[in-house]
Amino acid sequence: MKIPKEDIIHVAGLARLEMDDAAVEAFSEQLGKVLEYVETLNRADTQGVAPTTHAIFLNNAFREDIQGEHLDRESALSNAPEKEDGSFLVPRVVG
Amino acid sequence: MKLYELGIGEAHGLLKKKEISSRELTRSVLDRIAAIDDRVGAYLTVTETAAMHSAERADRSIRSGQMTPLTGIPMALKDLLCTQGVRTTCGSRMLENFIPPYDATVVARLKQQDAVIVGKTNMDEFAMGSSTENSGLKRTRNPWNLECIPGGSSGGSAAAVASDMCLGALGSDTGGSIRQPASHCGIVGLKPTYGRVSRFGLVAFASSLDQIGPMTKNVADSAVLMNCISGHDPKDSTSVPEPVPDYPSFLTEGLEGVRVGIPREYFEAEGLDPEVSGAVRRAVKVIESRGAACLDVSLPHTRFVVAAYYIIAPSEASSNLARYDGVKYGYRAGDHQDYLEMYRSTRSKGFGPEVQRRIILGTYALSAGYYDAYYRKASQVRTLIMEDFKAAFGTCDVILAPVAPTPAFAIGEKIDDPLTMYLSDIFTLSANLAGIPGMSVPCGVSSSGLPIGLQVLGNHFNEGILLKVAYNFEQAAGHPPGRPEMGV
């Protein structure tokens, strides 16, 4: 089983990835094999079974609303690829 | 004996008696790294100067009578644990120059105990892999056979411990990434219960599965590290406020009254190497001879484990890795006209092929029209897998199983076939899906001279019984692989 190339290109777009034809071809084949294998899940009877998203039961983890120690602006910006005037610098977003 | 060959407990004893200093010990480890790591490739960063300063500080603490079980002990960290001021790459071009402004909680705890951090170890990029071949930065080799993979994703930590380039290390385990490399390199690896150890400062892969744990030369050292890293952390809302027992107190002789379950599905699994199953079955006999009672248990949903995992983990990863957008930290590609192009170019150039594969797979599984068929279905099967363990732990205290279906395979053997690589994770994934603790302890050597591990699984928060069983096995069997011959 192969995943249609259009699907790979569509999903890559959602994930903000771009790929050349060779990568699309390889992924369509490799992920097709993985998804074919994943079809085995259909043999599991899950009628009425609740999904698990978290293996350990925890209630909400509340804490007192007190300001703690946080990174200062300089530290928070220290790894920014581009910065200016204490802010992250990004390409123009609004036209 | 060379100082670098010491385990944590032995070194602690000698430091306490002032027969050695942390400076001598740390120097010995750093010299060992300089002598052999060009062949093994375990480290991405060696923090020599900082390590020697920490060693001096530790020696001062010892002289003033202030000593913890880790004071002055040279340790390695998998390179996805944030270290303030020391680059943390996650094995990725994306974070090649990332210098965290804070320490992960486990790192802060090691520092509080005066441990000496000697460096950061190689790994599969973003911990996605079973061989460390997916590192975007370096190749790591198995110290037992340099043509073989060390396992993964914590392959650098495992190789460093096995070849005495540190006394112990921390790794992380999302689907076996501590236990499987520990098995392949002939060392002890423990994945704690989900929530036992804070994940604050761990670069996230799959947040409902990731857990940090110790990788050590023996079982007692694993217990010492568990004491240091376990416990609730307000900075990780999924860490559990359960009391932390004194783990070394579980290391007592004899297994009378311990019920050991043998899961038939694991021993009937396709692809299980007879040498591995033979070594594990012999280990079961040894554990029985220490007083444990063996019984058959069934984990009927085992055949769905790989499929469920390879939907859930990539789904979580696709969401977690959305943060790498070239804005706040990490790599940013230069060739872009607008912000969307910047995202795409940055992510396509910064992530390697396996990471992109899993992001695509996860995004596909979560996308409109497929969510119910894949993610929801896998999450329901996860419930069934958890119920299997719940039923089994109604009749037994621990489950014994193989760690990996074969000993370490050759570099390059599976790299072009992702599905075959995923299937090799069959015995380790279930512990992450169920959130239970799992341990790998060396139990034999293959005819080709490669280590084989025994896996011990327990119920939530029962790391103590795992340590007890592993310790008793180690006392009876010794350390089957011995140490690799590195020719120096």
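Given the structure is predicted, the values throughout are model-derived calculations rather than measurements. (Residues numbered from 1 in each chain as written. Chains lettered and ligands numbered in written order. Predicted model: local features only at pLDDT ≥ 70, side-chain atom pairs only at ≥ 80, totals over all residues.)

### A look at the overall build of chain A
Here is step 1: What chain A contains, in helices and strands, is three helices and two strands.
Here is step 2: Ordered by position in the sequence, the α and β elements of chain A form the string α-α-α-β-β.
Here is step 3: Over its C-alpha atoms chain A spans a radius of gyration of 23 Å, topping by over 25% the 12 Å that the globule rule assigns to 95 residues. (Helix = DSSP H or I, 4+ residues; strand = E, 2+ residues; numbered from the N terminus. Rg over C-alpha atoms; globule rule 2.2 N^0.38 Å.)

### A closer look at the overall build of chain B
Here is step 1: When helices and strands are tallied, chain B shows 16 helices and eleven strands.
Here is step 2: At 21 Å, chain B has a C-alpha radius of gyration in line with the 23 Å of a compact globule built from 488 residues.
Here is step 3: Counting only C-alpha atoms and orienting by the principal axes, one finds that chain B spans roughly 65 × 55 × 45 Å.
Here is step 4: Of all 488 residues assigned to chain B, the portion counted as buried reaches 62%.
Here is step 5: Relative to all contacts within chain B whose residues are 6 or more apart in sequence, the contacts with residues 24 or more apart total 76%. (Buried ≥ 20, exposed ≤ 12 C-beta atoms within 10 Å, placed from the backbone. Contact = placed C-beta atoms within 7 Å.)

### Quick look at the environment of Gly-9 of chain B
Here is step 1: You can see Gly-9 of chain B is positioned in helix α1 (residues 8-16).
Here is step 2: Put simply, Gly-9 of chain B and Gln-356 of chain B are 347 residues apart on the chain and 42 Å apart in space, counted from C-alpha to C-alpha.

### So, the interface of chain A and chain B
Here is step 1: Taken together, the contacts link 42 residues of chain A with 57 residues of chain B.
Here is step 2: Elements with a contribution of two residues or more to the side of chain A that touches chain B: α1 (5-14) and α2 (21-38) of chain A.
Here is step 3: Tallying contributions element by element places α2 of chain A first for the side of chain A that touches chain B, with seven residues.
Here is step 4: Residue composition of the side of chain A that touches chain B, by class: 28 nonpolar, nine polar and five charged. (Nonpolar A, V, L, I, M, F, W, Y, C, P; charged D, E, K, R; others polar.)

### A look at the sheet that holds strand β4 (residues 168-172) of chain B
Residues and elements named next belong to chain B.
Here is step 1: Read from one edge of the open sheet, eleven strands run β1-β3-β2-β4-β6-β5-β10-β11-β9-β7-β8, paired in mixed fashion. At either margin of the open sheet sits one strand with a lone partner, and together these are β1 (43-46) and β8 (293-297). Taken over all neighbouring pairs, the strand axes of this sheet differ in orientation by 30° on average, direction set aside.
Here is step 2: Sheet analysis places strand β5 (residues 188-191) next to strand β6 (residues 212-216), joined by two bridges and oriented antiparallel. Residue pairing across strands places Val-188 opposite Thr-216, the latter belonging to β6.
Here is step 3: Against the sheet, helix α5 (residues 155-162) touches β1, β2 (74-78), β3 (116-121), β4 and β6, its axis set at about 160° to β4.
Here is step 4: Helix-sheet contacts for helix α9 (residues 274-289) involve β7 (259-263), β8, β9 (398-402), β10 (438-445) and β11 (451-458), and the interaxial angle to β9 is about 150°. (Pairing = 2+ DSSP bridges. Axes fitted to C-alpha atoms, helices over the stretch in contact; angles between N-to-C directions.)

### Concerning the pairing of β5 of chain B
Residue and element names in this part refer to chain B.
Here is step 1: Burial along β5 is two-sided: Val-188 and Leu-190 and Gly-189 and Lys-191, pointing in opposite directions, are all buried.
Here is step 2: Two elements, β5 and β10, share three bridges in a ladder whose sense is antiparallel. Residue pairing for β10: Leu-190 is matched across the bridge by Met-439.

### Topic: helix α2 (residues 22-40) of chain B
Owing to its 3.6 residues per turn, the α-helix brings residues three or four apart onto one side.
All names here are of chain B.
Here is step 1: Along α2, the helix axis deviates most sharply at Ala-34, where the bend reaches about 40°.
Here is step 2: Regarding α2, the residues found buried are Ser-22, Leu-25, Thr-26, Val-29, Leu-30, Arg-32, Ile-33 and Val-40.
Here is step 3: Packed against the buried residues of α2 are α1, β1, α3 (48-63), β2, β3 and α5. (Bend = angle between axes of the 7 residues up to and from the residue.)

### A look at the environment of Val-116 of chain B
Residue and element names in this part refer to chain B.
Here is step 1: Position of Val-116 relative to the elements: it lies in strand β3.
Here is step 2: For Val-116, a count of 30 C-beta atoms within 10 Å translates into the label buried.
Here is step 3: Spatially, the C-alpha atom of Val-116 lies 8.5 Å from that of Ala-50, the residues being 66 residues apart in sequence.
Here is step 4: Once residues lying within four places of it in the same chain are set aside, the contact partners of Val-116 are Ser-22, Thr-26, Ala-51, Ser-54, Ala-55, Ala-58, Gly-72, Ile-73, Pro-74 and Met-75.

### What about unusual backbone geometry?
All names here are of chain B.
Here is step 1: The amide bond that connects Gly-152 to the next residue, Ser-153, takes the cis arrangement and shows omega of 10°.
Here is step 2: When you line up the elements, Ser-153 lands in the loop between β3 and α5.
Here is step 3: Its identity is not glycine, yet Cys-90 carries a phi of approximately 60°, on the positive side.
Here is step 4: If you trace the backbone, Cys-90 turns up in the loop between β2 and α4 (105-112).
Here is step 5: Cys-90 sits in the buried class, given 33 other C-beta atoms within 10 Å.

### Comments concerning the packing of α2 of chain B against α3 of chain B
All names here are of chain B.
Here is step 1: Two elements in contact, α2 and α3, have axes whose closest approach is 8 Å; the angle formed by their N-to-C orientations is 155°. The pairing of α2 with α3 is recorded here as roughly antiparallel in orientation. Note that α2 runs across α3; the crossing there is right-handed. Counted together, Ser-22, Arg-23, Thr-26 and Leu-30 of α2 and Glu-48, Ala-51, Met-52, Ala-55, Glu-56, Ala-58 and Asp-59 of α3 form the full contact between these two elements.
Here is step 2: Its residues assigned to classes, the contact of α2 with α3 shows five nonpolar, two polar and four charged. (Parallel < 35°, antiparallel > 145°, perpendicular 65-115°, else oblique. Left-handed = near helix turned anticlockwise from the far one by under 90°.)

### Notes on the pairing of β9 of chain B
The two faces of a sheet get side chains in turn, since along a regular strand they alternate between them.
Residues and elements named next belong to chain B.
Here is step 1: Counting buried positions over the five residues of β9 gives five, a clear majority of the element.
Here is step 2: Across two bridges, the pairing between β7 and β9 is parallel. Bridge pairing in β9 links Val-260 to Val-398.
Here is step 3: Two strands pair when backbone bridges link them, and β9 and β11 are joined in this way by five bridges, in the antiparallel orientation. Counted as the bridge partner of Ile-399 is Leu-457 from β11.

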